[in-house]
Amino acid sequence: MSSGWLALGVLALFGGFAAAGPLESVQVVGPATNHLVIVASAAQTIALATGPDPALLVVDGSPQSEAFVLVDLRAVTGMISVARLRLHVSAAANSASPVGGTVLSSDDAEWTVATTWSARPLANGRRVGDLPRAVADTWVDIDVSRMVRAGERVTFVVRSTSGDAARYDSVAGGDAVAPRVELTIAPAMAERILAVPASADVTIDSASPTPAAGADTTLVVSSSPQRAVVLRFDLTGVTAWSSPEMRIHPVDHLAAGAAIPLGIAWISDGTWTEASTTWDHPPQFDATAVARVGVVGNDGWLIYDLTGLIAPGAVVSLELRAVGGDSRVAFDSREQGRAPQLRGRIGNSIPADRPIRAWAVGDIACPGNESVTSEACHMRATSNLVVADASFDTFLALGDLQYPAGSQADFLTGYAPSFGRVLDRTVPSPGNHEYATLAASGYLAYFGAAAHPQSAGYYSVDLGSTWHVVVLNSNCSMVSCSVGSSQEMWLRADLAASTRPCTLAIWHHPRFSSGIRVRLEPSVLPFWDDLAVDGAELVLNGHEHQYERFAPQTPMGVSDATGLREIVAGSGGRSLYVFGAPLPMSEFRTATFGALRLDLDELGYSWSFVDDNATVLDTGHGVCR
């Protein structure tokens, strides 16, 4: 954000959102460069009997009248740390002691000032709080930090809590008194590049089976004779990074911008050594090499984007192979002083008190050789929803991430080009298709330490300042889910140790489903029992290839306002299933490709199911208990 005083052009919109005049300059309060004031795009009163009042926002209980304020933040960039909704109390006559009213949010950001009472925006979002007593010609404020995000539009509803009318100035009163939101944009945390040099490297040569002992100063990849390079990088001390890339230094000068293709294969063998690795005795690698085109940077290094191929927290080994015809590239080894390296960006952490934007879905990726049809392989389109979300923080992967058998080869050609683009922000859980490869080895190799192989795939993480996320393995024939099992006892201990007021659990197989395959899954009942005792809020599952939302209920499916809400989002792209008869607590169902969007704040959560055309089909909110 540039220094000095800021001005932001906002278009005042009226009557079907047509421009009513020229761009208005938005006031800036104070000299701080991170303080913005956004004047409302539209504001109006909708009354039960008399219709809209363009000049004033009248909030009254008798006759009934509600006020609506739409604020457009699509031109705002950066992370909003503090937001205040401000309304100016009109100098026009107010009741002697009018109550200011209560403020709620609405999911409707498409309404116009021509909206009627019967078609008014519904206050179906969270209750924000109460305004103070309305005193003529003063401003009243309310904190809406948890309700707004940069790049979005938001609607606020002001509703009376008494028979005393409060009157606020509308957009029609001009910038000086128009409703507005004041924003404080948090400064970005320092970002830096972390580089990890290769800890082992060796060329293997089809024409020379003698071990090279890893002492060569030059590493060579070529097609004739066939040569490949094996590299190892130790990322066990790296907890999180983004934009991973491999950088190698060519022996010969290459012009900046020159493109060099390589095939890059993930090596699953962690026991290889430089001294024993030869062409005839290579380490065990995945059968599929993913083609990557490296580009020479201005500094002379050859750079390969590895997004979706590697994850931090583990020792990573890669093999570099020739691609195409008579190709050759030679580069410096670690003995030369310009060692091959993996690099990633770290920093820009999420402040603990900021709402978390999470996406969740399962049942995702076809192998890379299968074509997209109207009924299958929509993983790229659903992943685009996540990648395009500038506010996105975390992806919750709900199992069956790669079809048909969760092999490492298919992960690299199906999942990696889609949801692998957000690998660095993924919280994974395994599905049954992952176990079609022995011991889910492809899944564990692809996600590395993030899959928590040491605990059979169940673990927990904390998000923001109030949310605890439990990840469980519902492949109960492989990892027992029964009462008294290691996993179930761990779950009870983990929930007891957490002091956070909000709990979300994810695993693959749903307890409840209106699909035609599984209606009531008994194997995961111990999970539900433990979560219900703890007072958890939300369970997310996949397995059924559709989207379904349930009302809060007990582990036995009885309505309970303080019970667990289950959402099944198995709509990630592989295919779709049909529904059977709806279960009693099922509230919403659609057999549509798409993903679940969640906003997790200090006091609760809100959800939206977004189809792969970016259309919102289901919304709502819940509170933490």
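The rules behind each value
Residues numbered from 1 in each chain as written. Predicted model: local features only at pLDDT ≥ 70, side-chain atom pairs only at ≥ 80, totals over all residues. Heavy atoms only, no water. Helix = DSSP H or I, 4+ residues; strand = E, 2+ residues; numbered from the N terminus. Buried < 20%, exposed > 50% of the residue type's maximum accessible area, 1.4 Å probe, protein only. Contact = heavy atoms within 4.5 Å. 1 Å grid on protein atoms, 1.4 Å probe; cavity = no way out; pocket = protein on both sides within 12 Å on 5 of 7 lines; lining within 4 Å. Points joined across faces, edges and corners; volume = space filled by probe spheres on them. Nonpolar A, V, L, I, M, F, W, Y, C, P; charged D, E, K, R; others polar. Disulfide = S-S within 2.5 Å. Axes fitted to C-alpha atoms, helices over the stretch in contact; angles between N-to-C directions. Parallel < 35°, antiparallel > 145°, perpendicular 65-115°, else oblique. Left-handed = near helix turned anticlockwise from the far one by under 90°. Pairing = 2+ DSSP bridges. Phe/Tyr/Trp six-rings, centres within 6.5 Å; stacked < 30°, edge-to-face > 60°. Lys NZ or Arg CZ within 6 Å of the ring centre and 35° of its normal. pLDDT = per-residue confidence, 0-100. Expected span 1.5 Å × (residues − 1). Arc of directions from axis to C-beta.

Draft legend 1. Representation of unusual backbone geometry in the model. The omega torsion across Ser-224 and Pro-225 is -5°, close enough to zero to call that bond cis. Secondary-structure assignment places Pro-225 in the loop between β18 (218-223) and β19 (226-234). Across the junction of Tyr-403 and Pro-404, the peptide omega takes the value 0°, indicating a cis bond. Along the chain, Pro-404 falls in the loop between β28 (394-398) and α2 (408-415). In this structure, His-452 takes a positive phi of about 50° despite not being glycine. Among the structural elements, His-452 can be located in the loop between α3 (441-447) and β30 (459-463). What makes His-452 partly exposed here is its relative accessible area of 21%. Positive phi is not limited to glycine here, since Ala-614 has a value of about 70°. In this structure, Ala-614 sits in the loop between β38 (604-611) and β39 (616-623). Classification of Ala-614 by relative accessible area gives exposed; the value is 52%.

Draft legend 2. Up close: the environment of Ala-291. Here Ala-291 lies in strand β22 (residues 290-296). Judged by relative accessible area, Ala-291 falls into the exposed class, the value being 55%. Between the C-alpha atoms of Ala-291 and Ile-264, which are 27 residues apart in sequence, the distance is 6.3 Å. Once residues within four sequence positions are removed from consideration, Ala-291 is found in contact with Leu-262 and Gly-263.

Draft legend 3. Looking closely at the layout of surface pockets. Considering only enclosed or pocket space, the second largest pocket measures out at about 250 Å³ in volume. Forming the boundary of the second largest pocket are 14 residues, of which Trp-266, Ser-268, Val-315, Leu-444 and Ala-445 lie nearest the centre. Within the residue set of the lining of the second largest pocket, elements represented by two or more residues are β21 (259-267), β24 (315-321) and α3. Sort the elements by how many residues they give to the lining of the second largest pocket and α3 lands first, with 3 residues. Its residues assigned to classes, the lining of the second largest pocket shows 8 nonpolar, 5 polar and 1 charged.

Draft legend 4. Geometry of the state of the cysteines. Under the criterion given, the structure shown has 3 disulfides. Between the sulfur atoms of Cys-476 and its disulfide mate Cys-481 the distance is 2.0 Å. Taking the torsion about the sulfur-sulfur bond, which here is approximately -95°, the covalent link between Cys-476 and Cys-481 counts as left-handed. In this structure Cys-481 comes out as buried when scored by relative accessible area, which is 2%. Covalent S-S linkage joins Cys-502 and Cys-624, the inter-sulfur distance amounting to 2.0 Å. Taking the sign of the torsion about the S-S bond as the criterion, the disulfide between Cys-502 and Cys-624, at about 115°, is right-handed. Residue Cys-502 is located in strand β32 (residues 502-506), and its partner Cys-624 is located in the segment after β39; the two are separated by 122 residues in the primary sequence. Here Cys-502 falls in the buried class, since its relative accessible area comes to 0%.

Draft legend 5. Representation of the packing of helix α4 (residues 486-497) against helix α5 (residues 525-534) in the model. α5 packs onto α4 with a crossing angle of 10° between their chain directions and a minimal axis gap of 10 Å. One finds that α4 runs roughly parallel with respect to α5. Between α4 and α5 lies a crossing of right-handed hand. Contacts between α4 and α5 involve Gln-487, Glu-488, Leu-491, Arg-492 and Leu-495 on the former and, on the latter, Pro-526, Phe-527, Asp-530, Leu-531 and Asp-534. Here the contact of α4 with α5 is composed, by residue class, of 5 nonpolar, 1 polar and 4 charged.

Draft legend 6. Quick look at the sheet that holds strand β34 (residues 547-550). Read across the open sheet, the 7 strands follow the order β30-β31-β32-β33-β35-β34-β36; overall the sheet is mixed. What marks the edges here is a single partner per strand, and that holds for β30 and β36 (586-590). On average, each strand axis in the sheet is tilted by 15° relative to the strand beside it, whichever way the strands run. Relative to strand β35 (residues 565-569), strand β33 (residues 538-541) runs parallel, the two being bridged by 4 bridges. When the bridges of β35 are listed, Leu-540 appears paired with Ile-567. Against the sheet, α4 contacts β30, β31 (467-471) and β32, and its axis sits at roughly 175° relative to β31. Along the sheet, α5 contacts β32, β33 and β35; its crossing angle with β32, the most-contacted strand, is approximately 170°.

Draft legend 7. Structural view of empty space enclosed by the protein. By the definition in use, this model includes 4 cavities of 30 Å³ or more. Estimated volume of the largest cavity: approximately 50 Å³. In this structure, the largest cavity is lined by Trp-241, Pro-244, Thr-307, Gly-308, Ile-310, Ala-311, Pro-312, Gly-420, Arg-421, Leu-423 and Asp-424.

Draft legend 8. Representation of the packing of aromatic side chains in the model. Using the criterion set out here, one finds 18 aromatic pairs in the structure. Their ring planes at 85° and their centres at 5.9 Å tell us that Phe-411 and Phe-447 sit as a pair that is edge-to-face. Of the two residues, Phe-411 is situated in helix α2 and Phe-447 in helix α3; the sequence distance between them amounts to 36 residues. Accessibility classification places Phe-411 together with Phe-447 in one group, the buried group. By the ring-pair criterion, three or more aromatic residues cluster together here, those being Phe-395, Phe-411, Tyr-415, Phe-419, Tyr-443, Tyr-446 and Phe-447. A cation over an aromatic ring shows up here: Arg-232 above the ring of Trp-272, its NZ or CZ 4.2 Å from the ring centre. Positioned over the ring face of Tyr-403 is Arg-574, at 5.6 Å from the centre of the ring.

Draft legend 9. Expanded view of the confidence of the model for the protein chain. Mean pLDDT over the protein chain works out to 85, with 89% of the residues at or above the 70 mark. Within the model, pLDDT remains below 50 along residues 1-33, and this stretch shows 64 contacts once partners closer than five positions in the same chain are excluded.

Draft legend 10. Examining α4 more closely. Taking 1.5 Å of rise per residue, the 12 residues of α4 would be expected to cover 16 Å, and the 16 Å separating its terminal C-alpha atoms lies within 8% of that figure. For α4, the complete set of buried residues consists of Gln-487, Glu-488, Leu-491, Asp-494 and Leu-495. End-on view of α4: buried residues confined to an arc of 125°, all on one side of the axis. Within α4, the exposed residues directed more than 90 degrees away from the buried face are Ser-486, Ala-496 and Ala-497. Its buried side turned inward, α4 meets β30, β31, β32 and α5.

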